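Chain by chain, the residues run as shown.
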Protein chains: 2
Amino acid sequence: MRKNMGEKIVIIGGVAAGPKAACRVKRLMQDAEVTIIDEDSLISYGGCGIPYYVSGDVSDESELRSTSFHMVRNETFFKDAKGVNTLTRTRALTIDRKQKVVQVEHVETGAKQNIAYDKLMLATGSRPFVLPIPGVELDGLFTISNLHKAIEIKKRIAGGKVARAMVIGGGAIGVEMAEALTDLWGVETTLIEFMNQLLPRIVDFPFAAMLAKHLRDKGVTVHLGEGAAEILGQEGKVTGVRTSARTVDADLVIMAAGVRPRSELARDAGLQLSPMGAIVVNERMQTSDPFIYAAGDCIEIRHLVSGKKFYAPLGSLANKEGRVAGDNMAGIPSIFKGAVGSFIMKAFDVCIGATGLSHDVALAEGYDADVALTAPSDRAHFFPTVDTVVFQMVFDRRTRRVLGLQGFGPMGDGISARIDAAAALVSMGATIDDFGTLEMAYAPPFSAAIDSINAAAYVADNICDGRLRKLSVASFLQWMTDFAMQPDWVALDIRHPKEVGPFVEKFGGERWLGIPYNEVRARYHELPSDKVMIVLCDAGTRSFEIQSFLDSVGLRNSLVLSGGFNVVRKIGVAWYPE
Amino acid sequence: MRKNMGEKIVIIGGVAAGPKAACRVKRLMQDAEVTIIDEDSLISYGGCGIPYYVSGDVSDESELRSTSFHMVRNETFFKDAKGVNTLTRTRALTIDRKQKVVQVEHVETGAKQNIAYDKLMLATGSRPFVLPIPGVELDGLFTISNLHKAIEIKKRIAGGKVARAMVIGGGAIGVEMAEALTDLWGVETTLIEFMNQLLPRIVDFPFAAMLAKHLRDKGVTVHLGEGAAEILGQEGKVTGVRTSARTVDADLVIMAAGVRPRSELARDAGLQLSPMGAIVVNERMQTSDPFIYAAGDCIEIRHLVSGKKFYAPLGSLANKEGRVAGDNMAGIPSIFKGAVGSFIMKAFDVCIGATGLSHDVALAEGYDADVALTAPSDRAHFFPTVDTVVFQMVFDRRTRRVLGLQGFGPMGDGISARIDAAAALVSMGATIDDFGTLEMAYAPPFSAAIDSINAAAYVADNICDGRLRKLSVASFLQWMTDFAMQPDWVALDIRHPKEVGPFVEKFGGERWLGIPYNEVRARYHELPSDKVMIVLCDAGTRSFEIQSFLDSVGLRNSLVLSGGFNVVRKIGVAWYPE
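Quick caveat, the model's predicted, so the values are computed rather than measured.

Undergrad: Give a description of the overall build of chain A that names residues and reports values.
TA: Of regular secondary structure, chain A possesses 18 helices and 30 strands. Taking 2.2 N^0.38 as the reference for a compact globule, 578 residues should give roughly 25 Å; the C-alpha atoms of chain A span a radius of gyration of 27 Å, in line with that estimate. Over its C-alpha atoms, taken along the principal directions, chain A stretches across nearly 90 × 60 × 45 Å. Burial status across chain A gives 56% buried among its 578 residues.

In structure tokens form, the structure reads like this:
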């Protein structure tokens, strides 16, 4: 531990990975001289908390820079409590790898200085991507890149200067900012996303659609498949945004179009970068120069499902990477294998999460990927707080390997419970069968006896073995909105007659057959054999049972609607009877 | 799938495993003739919901027997919806394995009948253990063994006939029943447990103690290390309980002293049983007779940490085992590997969970077991709903394998999230290092950037590598209650002076040194080198940092209080200053 007496450790970057590594390496080598360099004056803040600061959930920005025991993590704190030096308002200019020296410049005075290192760590983070469109220099356009901008945004909102806002980008930060603006401040907010769904590449269509409906229900205007073409302004101030489809007035524009690694320093020093510009590191967080480490939003890491390198700028990963970097700088051979890309987000009253690969991504990666979509109860159906959750398991038909899981449900920790358990398994190459017997702690207030994650695995098992033939929600919605263009089909709605009645009335008894679940065994002879039958229930479970039975009596023309009406209602459709 | 045309499948037992297997095998082999036999009239109910039915959270017992779509699972339902025959009020008397015949008796008429099978499944469940003490036959003493007893208990309470109740047994059912009686009905309830802690063998001392305090705070009288000696009565009715320490008046006595497998039928048929009387099955749920399957509370299964067989009577496992039995009866070679014994429980406003082995059990099993106890924030410390949670990781010092995890926190799904993720990893033999980098989906409303489970792994890592020397909470509480008998020690309390003040006042400045966390580096020369120093903070994290520093300046006489004052306060101590 204490072999490297008095080593000089220099860390460039004072948020997340940097401070974590600095404190860890100092604890392991108290004799080391550890210095953090950052060009900002505010360091070691929880950047992920910015939307909650803007919303007002977090009242003061200093809370984002405080420890859990209410000390502000400033230069004095690092010096006194951690024994770590910090040089703020100090920009690293160049790295001389031969001499092991970093040249820095004090931002205010312009004074330059050489700082020698034995080991150097780059925690230079990311910067927001700014679309190359006219008007991005206007006052009133913000990226969510640091605490100063967050403070300014909140100041304007709190000062009553923002009546209408536009958020560009339907990723996590965009959605969180849309909520922050709408929920507590009542700002009239429009969210646009260039792709045809929210959270592209993170979740698949049904989940993005359920999220979009919830945002709209909460008052956010959401436009999909719509890019920003120009930021409009008058007298240097933002007045609106022209998109590919319309012009929207706005006093404030948030550009949340993703982030890019900040790696110029590494590039100029000749360190190896990925094609997208992220710093390449090994499992010990060493760059191509063994004396230089890197961690956080500036690096790429291995995806533990696909095995490929990917870019995952997340505070939680930055901290883990930072600790591993700290260990290795102190001579402890810890490794960071990579990540499965777990994701969780609050959006008003709901929660959406994912881990591993989405169906779209899995297909693009060449897997023989399929999905099991379920909408079961989140706890014992008789427990008072029971609610419906939606899970989709992505799996490879050939190997039965589970590639990912997505979840949507009421705000709380229930979705993350399943996402986290799935992440642990997915990273180990687990199969559908491992998920079927995955042990979820059970008591009625917490889960159903057959947990929703087990239920999803059961559905995947039935699909994979060819016992369950399904129709995707997306296809069903298409069929419903354009009866003419689709093959000859009928609905077999096995819900309670009270639920089925309005559908029969609206779509006609020829199109919409209602036979209750528990009467199908006695009445199957009423069913057509010459049309596609879509079996419909609330969660999809009963429909599968009916399909199994119909198959056994020679009616093999049925398809189960995945996730059933529980999912359809959460997506929201115009044709749903009152 | 449909090779075995018209097979006769007979299943003895109509709760959980039995119905699950029946419906699964019927779906897989629609031509099979599937029959469930049960001596009760009420079948397929959620037995785990009984405490919530008694409490009033579930208003009608039929809800416990209903599907999520509100159909009551009775004989008609199984016939019409599932195509499964049920013979209720029918007791299985003997199994003739040679002839493949079960002899049954109709409970009401006494009529006997032989039922032939091609495959038989035993889902005979468990029965409550009744202590061999006088008075257990008195009216007013109940076990929680079936829905009829639950109905009768609730009837008496709702009828105002129960002012005082005694619950014998501090396992999960005992605690849940104590809550049910106290919370909504206001029954004056006493809970006694023969062992010296609640939930013995499931959790370790600090967790049992935090639970006991919470129960007491909520009005339950809890006596530990106290067995029931006699049930007292007058005119055939319960009037109280004499324990090893006192006599307690009671109108109602719940005996919740554990359950035993019901395996007489299997034993009489010559099937292999475990020493404790559970039916022995292989991973395909086959008994020692390959034509007879068994699942649920009547079998033993493999513990996936210890590798040994154990008894785990849980509805969630019964359902999984039942599905695997159903698969195999239909020719699908599914397997059920075993379980890690995951546990979760609501108790009033808190939640307690565990997976894998407790420290006590791990030591008894011969592991070089140690624990890492932590009390961190359950989500970003700046998020409004933040709260403190307590986790303890049990690990093997020699192999670094994680053997188990226990958690305690506010009611919600946050504890089960960590328990479930841990269960997935523990069953795969994961190490401390795997837990350190375990990817927990992160956003401020759901977790801290360094999740509590990662934090526990970090502590375990530091302990395992000899960097962290600790004092257990149990030892600290002993030292505090008997200063005389312990070695010469001082407290080094590094919390805020406002927090430390009352302690210095109460215990004296000689005993209780207060130096704030961020001043120790400057003031360590004030500290004694000739006494044991217990470093004290709220969560234990700062204390470890201070220990690392003190070690580096030659003061190697410190011990960190595991879990800090966060755990001490949750356990509750008489000496805590006002």
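Undergrad: Which residues make up the nonpolar core, and what values go with them?
TA: Residues Ala294 and Met393 of chain A together with Ala294 and Met393 of chain B are the most contacted members of the largest nonpolar core, which totals 404 residues. Contact partners of Ala294 of chain A, with chain neighbours within four places excluded, come to Met121, Leu122, Ala266, Ile279, Val281, Met285, Thr287 and Ile299 of chain A.

Undergrad: For the relation of the copies chain A and chain B, give the residues involved together with the corresponding values.
TA: Take chain A, turn it by 180 degrees, move it 0.0 Å along the axis, and it overlays chain B with an RMSD of 0.0 Å. Overall, the copies show the geometry of a two-fold rotation axis. Most of the interface of chain A is mirrored in chain B, where 100% of its interface residues are also at the interface.

Undergrad: Let's hear about the interface of chain A and chain B: which residues, and what values?
TA: Across the boundary between the two partners, chain A contributes 77 residues, which contact 77 residues of chain B. Every element with two or more residues in the side of chain A that touches chain B is listed here: α3 (61–64), α4 (75–82), α9 (315–329), β21 (343–347), β22 (350–356), α11 (414–426) and α17 (541–552) of chain A. If one sorts the elements of the side of chain A that touches chain B by residue count, α11 of chain A sits on top with nine residues. Its residues assigned to classes, the side of chain A that touches chain B comprises 38 nonpolar, 23 polar and 16 charged.

Undergrad: Mind laying out the sheet that holds strand β14 (residues 237–243) of chain A, listing which residues take part and the relevant values?
TA: Residue and element names in this part refer to chain A. Across the sheet, which stays open at both edges, the three strands sit in the order β13-β14-β15 with antiparallel pairing between neighbours. Two strands bound the open sheet, and with one partner strand each, they are β13 (228–234) and β15 (247–249). Between one strand axis and the next, the sheet turns by 30 degrees as a mean value, whatever way the strands run. Across six bridges, β13 lies against β14 in antiparallel orientation. Counted as the bridge partner of Leu232 is Gly240 from β14.

Undergrad: An account of the sheet that holds strand β22 (residues 350–356) of chain B is needed here, citing residue identities and associated values.
TA: Where strands meet in a sheet, backbone hydrogen bonds hold them as pairs that are either parallel or antiparallel. All names here are of chain B. Pairing in this open sheet of five strands is antiparallel, and the strands run β21-β22-β25-β24-β23 from one edge to the other. Only two strands of the sheet have a single neighbouring strand rather than two, namely β21 (343–347) and β23 (369–374). Geometrically, the sheet is characterised by an average inter-axis angle of 10 degrees between neighbouring strands, direction not taken into account. As defined by bridge partners, strand β24 (residues 390–396) adjoins strand β25 (residues 402–410) across six bridges and the pair is classed as antiparallel. Counted as the bridge partner of Phe391 is Gly407 from β25.

Undergrad: Account for the domain arrangement of chain A, with residues named and values stated.
TA: Residues and elements named next belong to chain A. Segmentation of chain A into domains returns domain 1 (8–44 + 61–125 + 260–329), domain 2 (141–257), domain 3 (343–464) and domain 4 (470–571). When each unit is reduced to the centre of its C-alpha atoms, the spacing between domain 2 and domain 3 is 30 Å. Between domain 2 and domain 3, the contact holds 16 residues from the first and 16 residues from the second. Secondary structure elements with two or more residues in the side of domain 2 that touches domain 3: α6 (172–183) and α7 (205–217). If you tally residues by element for the side of domain 2 that touches domain 3, the top one is α7, at six residues. A class-by-class count of the residues in the side of domain 2 that touches domain 3 yields nine nonpolar, one polar and six charged.

Undergrad: Describe unusual backbone geometry, and please don't skip the residues or the numbers.
TA: The phi dihedral of His70 of chain A is positive, around 70 degrees, even though this residue is not glycine. On the secondary structure map, His70 of chain A appears in the loop between α3 and α4. The class of His70 of chain A is exposed, set by 10 C-beta atoms lying within 10 Å. Phi at Arg400 of chain B takes a positive value of approximately 65 degrees, unusual for a residue other than glycine. Turning to its location among the elements, Arg400 of chain B is positioned in the loop between β24 and β25. Look at Arg400 of chain B and you get partly exposed, because 17 C-beta atoms sit within 10 Å.

Undergrad: Tell me about the pairing of strand β24 (residues 390–396) of chain A, residues and numbers included.
TA: Residues and elements named next belong to chain A. Burial of β24 is extensive: seven of the seven residues sit out of reach of the surface. The side-chain alternation of β24 yields two buried faces, one formed by Val390, Gln392, Val394 and Asp396 and the other by Phe391, Met393 and Phe395. In this structure, strand β23 (residues 369–374) lies alongside β24, joined through six bridges in antiparallel fashion. In the sheet register, Thr374 faces β24, and the bridge partner there is Phe391. In textbook terms, the turn of a hairpin is the stretch between consecutive antiparallel strands, and for β24 and strand β25 (residues 402–410) this stretch comprises five residues, one of which, Arg400, has a positive phi near 65 degrees.

Undergrad: Can you tell me about the packing of helix α1 (residues 17–28) of chain A against α9 of chain A, naming the residues and giving the values?
TA: Residue and element names in this part refer to chain A. One way to put it is that α1 packs onto α9 with a least axis distance of 7 Å and a crossing angle of 35 degrees. The two elements α1 and α9 cross, and the hand of that crossing is right-handed. Within the contact between the two elements, α1 uses Ala17, Gly18, Lys20, Ala21, Arg24, Val25 and Leu28 and α9 uses Ala318, Asn319, Glu321, Gly322, Arg323, Ala325, Gly326, Asp327 and Met329. For the contact of α1 with α9, the class distribution of residues is seven nonpolar, four polar and five charged.

Conventions we followed
- Residues numbered from 1 in each chain as written.
- Chains lettered and ligands numbered in written order.
- Predicted model: local features only at pLDDT ≥ 70, side-chain atom pairs only at ≥ 80, totals over all residues.
- Helix = DSSP H or I, 4+ residues; strand = E, 2+ residues; numbered from the N terminus.
- Rg over C-alpha atoms; globule rule 2.2 N^0.38 Å.
- Buried ≥ 20, exposed ≤ 12 C-beta atoms within 10 Å, placed from the backbone.
- Core = buried A, V, L, I, M, F, W, Y, C linked by C-beta atoms within 7 Å.
- Contact = placed C-beta atoms within 7 Å.
- Least-squares fit on C-alpha atoms with pLDDT ≥ 70 in both.
- Nonpolar A, V, L, I, M, F, W, Y, C, P; charged D, E, K, R; others polar.
- Pairing = 2+ DSSP bridges.
- Axes fitted to C-alpha atoms, helices over the stretch in contact; angles between N-to-C directions.
- Domains from an automatic or database assignment.
- Left-handed = near helix turned anticlockwise from the far one by under 90°.

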